[in-house]
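# Observations on the model geometry
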Amino acid sequence: QVQLVESGGGLVQAGGSLRLSCAASGGTFSNYAMSWFRQAPGKEREFVGTISRSGGRTYYADSVKGRFTISRDNAKNTVYLQMNSLKPEDTAVYYCAASIGTAAQVMGGVMPDYWGQGTQVTVSS
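Conventions used here
- Residues numbered from 1 in each chain as written.
- Predicted model: local features only at pLDDT ≥ 70, side-chain atom pairs only at ≥ 80, totals over all residues.
- Heavy atoms only, no water.
- Phe/Tyr/Trp six-rings, centres within 6.5 Å; stacked < 30°, edge-to-face > 60°.
- Helix = DSSP H or I, 4+ residues; strand = E, 2+ residues; numbered from the N terminus.
- Buried < 20%, exposed > 50% of the residue type's maximum accessible area, 1.4 Å probe, protein only.
- Lys NZ or Arg CZ within 6 Å of the ring centre and 35° of its normal.
- Lys, Arg positive; Asp, Glu negative; His and termini not counted.
- Salt bridge = Lys/Arg side-chain N within 4 Å of Asp/Glu carboxyl O.
- Polar contact = N/O pair within 3.5 Å; in protein donor to acceptor, adjacent residues only side chain to side chain.
- Contact = heavy atoms within 4.5 Å.
- Pairing = 2+ DSSP bridges.
- Axes fitted to C-alpha atoms, helices over the stretch in contact; angles between N-to-C directions.

### A look at the packing of aromatic side chains
According to the stated counting rule, one finds 3 aromatic pairs in the structure shown. Pairing Phe37 with Phe47 gives two aromatic rings, centres 5.7 Å apart and planes at 75 degrees, and the pair type is edge-to-face. Separated by 10 residues along the polypeptide, Phe37 in strand β4 (residues 33-39) and Phe47 in strand β5 (residues 46-51) bring together distant segments of the chain. Phe47 matches Phe37 in its accessibility class, with the two residues each being buried. Here the aromatic residues Phe37, Phe47 and Trp115 are joined through ring pairs into a cluster of three or more. Above the ring of Tyr95, the side-chain terminus of Arg45 is found at 3.8 Å from the ring centroid. Against the face of Phe29 rests Arg72, its NZ or CZ located 4.4 Å from the ring centre.

Laid out in structure tokens, this is it:
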């Protein structure tokens, strides 16, 4: 069982940047594709992006492509989400997730197996 803990959320002005981190424990980190999802108030949870086990492949939602970057450090059991050019519509709780399957499967709609508790990101206009 993998435990995931997100950090780095907060309040930022539109156009600003934030970097989220997700620390994993309880499993072999490099065995999991890692993803970020988000959920805004009153909306369903949505896919943000995902990264393969090795970090060699990444996939993003169209809404964040070119602004957000996912990376991972398998030696530190950590995945990151660098968010630039933030918009008020990026306001949400951001969740880290781990998948036994591949990043491509997550991109195709297969939900991850393990989830963190989430971290709040608020972008003011």
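So much for the structure itself; the text now carries on.
### Section: the side chain of Glu6
Mapped onto the elements of the fold, Glu6 is located in strand β1 (residues 3-7). It is Arg45 that comes nearest to the buried, bridge-free Glu6 among opposite-charge side chains, at 7.7 Å. A polar contact is formed between the side chain of Glu6 and the backbone nitrogen of Gln117, at a distance of 3.1 Å. Sequence-distant contacts of Glu6, that is, excluding residues within four places in its chain, are made with Ser21, Cys22, Trp36, Tyr94, Tyr95, Cys96, Gly116, Gln117, Gly118 and Thr119.

### Considerations on the pattern of salt bridges
Within the structure shown, the criterion is met by 4 salt bridges. For Lys65, the salt bridge is made with Asp62, and the minimal N-O distance between the two is 3.1 Å. Here Arg67 ties to Asp90 by a salt bridge, and the two come within 2.7 Å at their closest N and O atoms. Of this pair, Arg67 sits in the loop between β6 (58-60) and β7 (68-73) while Asp90 sits in the loop between β8 (78-83) and β9 (92-99); the two residues are 23 residues apart in sequence, bridging distant segments of the chain. Taken together, the shared-partner salt bridges in this structure form one network comprising Arg38, Glu46, Arg67 and Asp90.

### Some details on the sheet that holds strand β3 (residues 18-25)
Spatially, the 4 strands line up as an open sheet ordered β1-β3-β8-β7, and their pairing is antiparallel. Lying at the two open borders of the sheet, with one neighbouring strand each, are β1 and β7. Here the average twist between neighbouring strands, direction ignored, is 15 degrees.

### Points about the pairing of β5
Looking along a regular strand, one sees side chains alternate from face to face of the sheet. The element β5 is largely enclosed, with a buried count of 5 among its 6 residues. Across 5 bridges, β4 lies against β5 in antiparallel orientation. Bridge pairing links Met34 to Ile51 in β5. Counted along the chain from β4 to the antiparallel partner β5, the turn is 6 residues long, and its residue Gly42 has a positive phi close to 75 degrees.

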